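Inside the fold
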Amino acid sequence: MTAPYFSPVQRLPLSVAQINALYQLATVAGAEILTIYRDERLWQTTAKADQSPVTAADIRSSDILVAGLAHILDCPVVSEEALPDYQERKDWPLYWLIDPIDGTREFLDRSDEFVINIALMWHQQPVFGLLYKPTTGKAWWGGEGLGAYSGTPAGSRPLPMARVANRLIALGSRRSTWMGAWRDQLTDAGYSVHTESLGSALKFARLAEGDADLYPRLGLTCEWDTAAPQAILAQTGGAIVQWDGQPLVYGKEDILNPHFIAVRDKSLLSVLIFNGAKAPS
């Protein structure tokens, strides 16, 4: 195993060549996902213990990513479809955290709104993240000491720094109710709030691109759902925090996240958090 180098200022151990290789690995996994996606006979859909769906595409993508990541940076991998025992992983200082298909329900609905999530974790915090959309080949990536970008490594553009306007776009899933103290807080502060539905971690990508402003999450998610987006948003002036303002905690025995709020611009947190906004129970 080759030990990654960490400087006191920059903890990101990925070179440009490694990021290119990571994108190429995502395209390989994405191609396998699309092969299965286009032929429903190959889906082999089953339900996990929590009744969330899993398909042959989830498993195949996980297998490709777990095998390939070791050739980019040789450290352990935590995958939604291959979760190591907590006693084995709890003291890992460096590891990959991946969701082979974020948006399996969107996959099953044939909405095209699903992505691959890949995060690099350092002492239980994401220091690099990449999202990859198989149906378009577009990626979003960023990390400490790197900045944030979208497109492909061969044709990338920097993601814009956050700016907030009075008209806000809030994103959620198609099951969102769009109600809660968070909306009242924004309205009372003089903002107008408009809502749009979108599947998977593409909501975070919209925030990072500056096309939306907040994502109030009032349901359960897992660590692999938020780690890569958090690393990207941190580089564009955004944030993902719990509703009490505390950061998300990673590397837990229970990999579920609490409810959270993701914002394009951290200045919104002064309205949503410090003025007492609460997520509904």
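Details of the structure are given in the entry above.
Below is a short write-up of the structure. (Residues numbered from 1 in each chain as written. Predicted model: local features only at pLDDT ≥ 70, side-chain atom pairs only at ≥ 80, totals over all residues. Heavy atoms only, no water.)

A separate point is the pairing of strand S7 (residues 138-143). Across the 6 residues that make up S7, a large majority, 5, are buried. The sheet contact formed by strand S6 (residues 125-133) and S7 spans 6 bridges and is antiparallel. Bridging from a neighbouring strand, Phe128 pairs with Gly143 of S7. Hairpin connection, S6 to S7: the antiparallel pair is bridged by 4 residues, and Gly137 has positive phi, about 80°. Two strands pair when backbone bridges link them, and S7 and strand S8 (residues 147-152) are joined in this way by 5 bridges, in the antiparallel orientation. Each bridged residue has a counterpart across the sheet, and for Gly142 the counterpart in S8 is Ala148. (Buried < 20%, exposed > 50% of the residue type's maximum accessible area, 1.4 Å probe, protein only. Helix = DSSP H or I, 4+ residues; strand = E, 2+ residues; numbered from the N terminus. Pairing = 2+ DSSP bridges.)

Before going further, it helps to spend a moment on helix H7 (residues 223-233). Extensive coverage of H7 is indicated by the burial of 11 of its 11 residues. Among the residues making up H7, those that are buried are Glu223, Trp224, Asp225, Thr226, Ala227, Ala228, Pro229, Gln230, Ala231, Ile232 and Leu233.

The next subject is the sheet that holds S6. As summarised here, the arrangement of the 7 strands in space is S3-S4-S5-S6-S7-S8-S9, forming an open sheet in which the pairing is mixed. Either end of the sheet is taken by a strand with one partner, and the two such strands are strand S3 (77-79) and strand S9 (155-158). Recorded for the sheet is a direction-independent mean angle of 20° between the axes of neighbouring strands. Pairing of strand S5 (residues 115-122) with S6 involves 7 bridges; the strand directions are antiparallel. Bridging across to S6, Ala119 finds its partner in Gly129. Contacts between helix H1 (residues 16-37) and the sheet are confined to strand S4 (94-102), S5, S6, S7 and S8, with S6 contributing the most and set at about 45° to the helix. (Axes fitted to C-alpha atoms, helices over the stretch in contact; angles between N-to-C directions. Contact = heavy atoms within 4.5 Å.)

One pass over the full model with this rule turns up 10 aromatic pairs. Pairing Phe204 with Tyr215 gives two aromatic rings, centres 5.2 Å apart and planes at 65°, and the pair type is edge-to-face. Within this pair, whereas Phe204 is found in helix H6 (residues 202-209), its partner Tyr215 is found in strand S12 (residues 214-217), the two being separated by 11 residues in sequence. Taken as a pair, Phe204 and Tyr215 share a single burial class, namely buried. Look at Phe204 and Phe260: their rings are 6.2 Å apart centre to centre, the planes differ by 25°, and that puts the pair in the stacked class. Of this pair, Phe204 sits in helix H6 while Phe260 sits in strand S16 (residues 260-263), and the two are 56 residues apart along the sequence. Owing to a relative accessible area of 0%, Phe260 belongs among the buried residues under this scheme. (Phe/Tyr/Trp six-rings, centres within 6.5 Å; stacked < 30°, edge-to-face > 60°.)

Here we take up a negative patch on the surface. Negative charge collects at one region of the surface, where Asp85, Glu88, Glu253 and Asp254 lie side by side. Inspection of the secondary structure assignment puts Glu253 in the loop between strand S14 (239-242) and strand S15 (256-257). With relative accessibility at 57%, the residue Glu253 sits in the exposed group. (Patch = residues over 30% accessible without salt bridge, like charges linked within 9 Å, V, L, I, M, F, W, Y side chains within 5 Å. Areas by Shrake-Rupley, 256 points an atom, 1.4 Å probe, with all protein chains shown as cover. Salt bridge = Lys/Arg side-chain N within 4 Å of Asp/Glu carboxyl O. Lys, Arg positive; Asp, Glu negative; His and termini not counted. Charge placed at Lys NZ, Arg CZ, Asp CG, Glu CD.)

Below, the discussion takes up helix H2 (residues 56-69). With 14 residues, H2 should cover 20 Å at 1.5 Å per step; its first-to-last C-alpha distance of 20 Å lies within 8% of that length. Taken together, the buried positions of H2 are occupied by Ala56, Ala57, Asp58, Ser61, Ser62, Ile64, Leu65, Gly68 and Leu69. In the core, the buried residues of H2 are packed alongside H1, strand S2 (53-54), S3, S4, helix H4 (104-109) and S5. The N-cap of H2, judged by a side-chain oxygen 3.1 Å from the amide nitrogen of Ala57 a few residues on, is Thr55. (Expected span 1.5 Å × (residues − 1). Polar contact = N/O pair within 3.5 Å; in protein donor to acceptor, adjacent residues only side chain to side chain.)

This part takes up the side chain of Arg89. Tracing the backbone shows Arg89 in helix H3 (residues 86-89). Ignoring sequence-local partners within four residues, the contact set of Arg89 consists of Val78, Leu83, Pro84, Gln124, Gly251, Lys252, Glu253 and Ile255.

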